[in-house]
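Inside the fold
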Amino acid sequence: MRDYLRGETHLARFFNGSFLDPASFREKAREVEDRFHRDHRERALSFLSTPSGAAARGLEGFVEKGGFFVTTGQQPGLFTGPLYTLYKALSAVKLARALEGLLDRPVLPLFWIASEDHDWEEVDHAHVLDRGNEIRTLRIQPQKGSLHRPLHQIPLTTGLEETVAELIETLPSSEFSHTYFQLLRDGNPQGATLPGGFLRTLGGLLAHLPLLFVDGAHPALKEASLPVLFREMEEAEAHEALLVRVASHLETEGYPVQVPVLEGSVNLFFDGPLGRDRLYREGDGFRLNRSGARLTRGEVRERTLADPALLSPNVLLRPVVESTLFPTLAYVAGPGELAYYAQLKEFFQAHGIRMPVIVPRHSATLVEAKVGKVLEKFHLAPEALNRPFHELAGEIAREEVPPAIRHALGEIKGAIGKGAGVLAEAVKEVDPTLRGPVTAARNTAFQAFDEAERKVLQAVKRQNETALEQLEKAQQHLFPLGKPQERVVNPFYYLTRFGPGLIDALLEAFDVALGTDSA
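Residues numbered from 1 in each chain as written. Predicted model: local features only at pLDDT ≥ 70, side-chain atom pairs only at ≥ 80, totals over all residues. Heavy atoms only, no water.

Focus on the pairing of strand S4 (residues 125-129)
- Most of S4 is tucked away: five of the five residues are buried.
- Here S4 shows two buried faces, one formed by His125, His127 and Leu129 and the other by Ala126 and Val128.
- As defined by bridge partners, S4 adjoins strand S5 (residues 135-139) across five bridges and the pair is classed as antiparallel. Residue pairing across strands places Ala126 opposite Leu138, the latter belonging to S5. (Buried < 20%, exposed > 50% of the residue type's maximum accessible area, 1.4 Å probe, protein only. Helix = DSSP H or I, 4+ residues; strand = E, 2+ residues; numbered from the N terminus. Pairing = 2+ DSSP bridges.)

Laid out in structure tokens, this is it:
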């Protein structure tokens, strides 16, 4: 990701142009224009959800003027998940605006809800800071029969109302609270699915923006995606070899492969006896990974034609499906996604299309005034708190030790080292074996003064206990659970404190600089 941000030239062969070069977007627009005609755009619009008037208005003229999409996507986390989900959506909105100006064509932001995902434990919780500045994890209990089932198939029949109430009780009260509390209640009624709650909640937060949504399990979309899925099924062996070759090239360049290519695996899942299950090639047919059930090619095709929801793409094939069904110019990616998109350029080409331009999402750290004051007090930048607290506290304590004590300890240790060295040389004339006891005595003295220094540091820590507690709370805000804030904290903590102006401020701060045309 860092190399991609810097525009390192050796990465060019893994991506379709550069997000820093407007010519890359123009070239991709020409390729999309050659593939997408009016009927294709009309069909694409039939898959969409428009949760707000702003989103609906954005579609005006989209078909007639030959519009494009900037897409992004995410698993549907509880109450929208961590902050970075919001940042992804806002990054797509801002990029779409910039590209619309560049191309003089409608460009709309589209959020793909990965509702076919089946990893319940990744999305069943939300982390918020409580009123005591502690991280609190709110979790939906497993639903009956939820193991390995696609998320869109799991109605939350138990525990959702209680978890919403717990979140509301945990969040701070302010002049903005009532609006957000009502959104949480309305967006997450008992019996809703996580994808449905995600759409209503994130759509409600961004109702003033032209953000569109698509559910990966939309019935019409599923039916339209079957040619891509069946092609992948038929060409699974060749595509596995292709992906293995690209993975080898990435490793040669020194990059780890984000998505391992498993021998015999197919980039497809099939809903079988044990839920959503990975397909593996076996002879002329397939085997489901967990259940071991065997299916012929004909059986997979026949059952999928009867129920398109049964067959779904994996993480590598999903972007191909998206770009096949939507006139996609660019994809806004997080760091992990950007890494696995580096595996996909040739895979897209094998499906007859070009990969979209990959644009890194914006990243942000929200520093409240109370946290900023603590950082200022200790003369620290936010990133300085990204380490174990005991190390940070120890460093702060050492800096707080009075200069006279630091000087005296340094003088003493220096004198011991120098004197022991002189003595060790002198005793050699009497008995060379005396050098050992002298060295041992020196080490014992050092240990004694190290212990004295440790006790001084403990005393300084006690003296600064309140300040260090403030620093620890600041760390909870900026690096909760030892991770960057945006990967942990749910946005409702900040929204209930600072209101909708926070979203507008983020949108303003997420600048898009397209650079200068290379062509």
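Moving on, there is more to tell.
Some points on the sheet that holds strand S3 (residues 107-113)
- Ordered in space as S1-S6-S3-S2-S12-S13, the six strands form an open sheet in which the pairing is mixed. What marks the edges here is a single partner per strand, and that holds for strand S1 (48-49) and strand S13 (357-360).
- Note that S3 and strand S6 (residues 212-215) share four bridges and pair parallel. Paired with Phe111 across the strands is Phe213, a residue of S6.
- Strand contacts of helix H9 (residues 194-205): S1, S3 and S6, with the helix running at about 145 degrees to S3, the strand carrying the most contacts. (Contact = heavy atoms within 4.5 Å. Axes fitted to C-alpha atoms, helices over the stretch in contact; angles between N-to-C directions.)

Focus on the packing of aromatic side chains
- Counted by the stated rule, this structure contains 13 aromatic pairs.
- Measuring from ring centre to ring centre gives 6.0 Å for Phe47 and Phe326, while their planes differ by 85 degrees; the resulting arrangement is edge-to-face. One end of the pair, Phe47, is in the loop between helix H3 (38-45) and S1; the other, Phe326, is in the loop between helix H14 (318-325) and strand S12 (328-333), and 279 residues separate them in sequence.
- In this structure Phe47 comes out as buried when scored by relative accessible area, which is 2%.
- Residue classification places Phe326 among the buried residues on the basis of a relative accessible area of 0%.
- Summarising the aromatic geometry, the rings of Tyr180 and Phe492 are spaced 6.1 Å apart at their centres and angled 80 degrees between planes, so their arrangement reads as edge-to-face. Of this pair, Tyr180 sits in helix H8 (residues 177-187) while Phe492 sits in helix H22 (residues 492-498), placing them 312 residues apart in sequence.
- Put simply, the rings of Phe47, Phe62, Phe69, Trp112 and Phe326 touch in pairs and so form one group of aromatic residues.
- One cation-aromatic arrangement involves Arg278 over Phe269; the distance from NZ or CZ to the ring centre is 5.8 Å.
- Sitting above the plane of the Tyr84 ring, Arg487 keeps its charged end 4.7 Å from the centroid. (Phe/Tyr/Trp six-rings, centres within 6.5 Å; stacked < 30°, edge-to-face > 60°. Lys NZ or Arg CZ within 6 Å of the ring centre and 35° of its normal.)

Some words on the environment of Ala98
- Among the secondary structure elements, Ala98 is positioned in helix H5 (residues 83-103).
- Given a relative accessible area of 22%, Ala98 falls into the partly exposed group.
- Separated by 334 residues in the primary sequence, Ala98 and Pro432 have C-alpha atoms spaced 79 Å apart.
- Every residue in contact with Ala98, bar those within four places of it in the chain, is listed here: Val512 and Leu514.

Brief notes about the environment of Tyr341
- Mapped onto the elements, Tyr341 comes out in helix H15 (residues 335-341).
- Since its relative accessible area comes to 1%, Tyr341 is described here as buried.
- The spatial distance from the C-alpha of Tyr341 to the C-alpha of Ser174 is 42 Å, given a sequence separation of 167 residues.

Re the pairing of strand S9 (residues 285-288)
- In the sheet, strand S8 (residues 275-282) pairs with S9 via four bridges, with the strands oriented antiparallel. Bridge pairing links Arg281 to Phe286 in S9.
- What sits between S8 and S9 in their antiparallel hairpin is a turn of two residues, with Gly283 showing a positive phi close to 65 degrees.
- Bridge count for S9 against strand S10 (residues 294-295) is two bridges, and the pairing is antiparallel. Residue pairing across strands places Arg287 opposite Arg294, the latter belonging to S10.
- Here S9 folds back onto S10 in antiparallel fashion, the turn holding five residues, of which Gly292 has a positive phi close to 80 degrees.

Remember, this is a structural readout, not a statement about activity or role.
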